[in-house]
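Observations on chain architecture
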Amino acid sequence: RSAGPRKGESVNHPLKVSLEDLYNGKTAKVAINRQVIVGESKMCTACDGQGVVVELRQIALGMVQQMQRRCTDCGGQGYCANKKKERKILEVLVEKGMKHNQKITFRGMADEKPNMEAGDVNFIIQEKEHELFKRKGADLLITKTLSLNEALCG
């Protein structure tokens, strides 16, 4: 394992695509909202960058209770930073022949967190139902009712 910065959590977005778009390919523009750090992030002074505060409370004479709770100043992050919301438009390229539940990844486009690498944004291809065809692997299936005469004569 590398000792580099930890990575933030990835965000998954479903992307509904028709069968025609999966066959021909398509570029979809999708707007995402993300949090971006403005300026420099600094270590929280209330918890000394630990993210938790230890409290000692005297219950009775000679009896002390030690409690650990999440820091309220930094929200358990250990670092304080100014954040702003950013709306970003991503162009998602759906390539020809992509399958249902396949992922398209944009690295480092999720929310930014102090002293962490930004997570990834994953677009998961969701194939829409087609009224005529069904897809089975690389094949297209069609269900059609034929009379005996059509089946024999063509």
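Only a predicted model underlies this, so the values are computations on that prediction, with no experimental measurement involved.

**Some details on the overall build of the chain**
Of regular secondary structure, the chain possesses 2 helices and 11 strands. Mapped in sequence order, the helices and strands of the chain form the string β-β-α-β-β-β-β-β-β-β-β-β-α. Relative to its length of 154 residues, the chain is extended, with a C-alpha radius of gyration of 27 Å against a globular reference of 15 Å. With respect to the principal axes defined by its C-alpha atoms, the chain has extents near 100 × 40 × 30 Å. Burial statistics for the chain: of 154 residues in total, 24% are counted as buried.

**Describing the packing of aromatic side chains**
Following the criterion strictly, the structure yields 1 aromatic pair and no others. Their ring planes at 90 degrees and their centres at 5.7 Å tell us that Phe106 and Phe123 sit as a pair that is edge-to-face. Of this pair, Phe106 sits in strand E7 (residues 103-106) while Phe123 sits in strand E9 (residues 121-127), and the two are 17 residues apart along the sequence. An identical accessibility class is assigned to Phe106 and Phe123; each is buried.

**Some points on the pattern of salt bridges**
Following the criterion strictly, the structure yields 7 salt bridges and no others. We note a salt bridge from Asp21 to Lys26, for which the minimum N-O separation is 3.5 Å. With relative accessibility at 22%, the residue Asp21 sits in the partly exposed group. Residue classification places Lys26 among the partly exposed positions, given a relative accessible area of 32%. Here Lys29 makes a salt bridge to Glu91, at a shortest N to O gap of 3.9 Å. Pair noted here: Lys29 is in strand E3 (residues 26-43) and Glu91 is in strand E6 (residues 79-94), with a separation of 62 residues, a long-range link. For Lys29, a relative accessible area of 63% corresponds to the exposed category. Where salt bridges share partners, they join Lys7, Arg107 and Asp120 into one cluster.

**Notes on the confidence of the model for the chain**
The predicted coordinates ought not to be read in detail in places where the model reports low pLDDT. Chain-level statistics for the chain give a pLDDT mean of 86 and a share of 97% at 70 or above. For the chain, the element scoring lowest by mean pLDDT is strand E1 (residues 6-7), at 80; strand E2 (residues 11-17) scores highest, at 91.

**As for unusual backbone geometry**
The phi angle at Asp48 is positive, at roughly 55 degrees, despite the residue not being glycine. Examined against the element boundaries, Asp48 turns out to sit in the loop between E3 and strand E4 (52-60). Even without a glycine there, the phi angle at Asn101 is positive, about 70 degrees. For Asn101, the position within the fold is in the loop between E6 and E7.

**Here's the deal with the sheet that holds E2**
Pairing between sheet strands relies on hydrogen bonds along the backbone, with the strands arranged either parallel or antiparallel. Strand order in the open sheet formed by 3 strands is E2-E9-E7, and the pairing between neighbours is mixed. In this open sheet, the two strands that pair with only one neighbour each are E2 and E7. Neighbour-to-neighbour, the strand axes of the sheet open up by a mean angle of 25 degrees, direction not taken into account. Of the strand pairs in this sheet, E7 and E9 are connected by 4 bridges, and their pairing is antiparallel. The residue bridging Thr105 from the neighbouring strand is Asn122, located in E9.

Cut-offs used in this document
- Residues numbered from 1 in each chain as written.
- Predicted model: local features only at pLDDT ≥ 70, side-chain atom pairs only at ≥ 80, totals over all residues.
- Heavy atoms only, no water.
- Helix = DSSP H or I, 4+ residues; strand = E, 2+ residues; numbered from the N terminus.
- Rg over C-alpha atoms; globule rule 2.2 N^0.38 Å.
- Buried < 20%, exposed > 50% of the residue type's maximum accessible area, 1.4 Å probe, protein only.
- Phe/Tyr/Trp six-rings, centres within 6.5 Å; stacked < 30°, edge-to-face > 60°.
- Salt bridge = Lys/Arg side-chain N within 4 Å of Asp/Glu carboxyl O.
- pLDDT = per-residue confidence, 0-100.
- Pairing = 2+ DSSP bridges.
- Axes fitted to C-alpha atoms, helices over the stretch in contact; angles between N-to-C directions.

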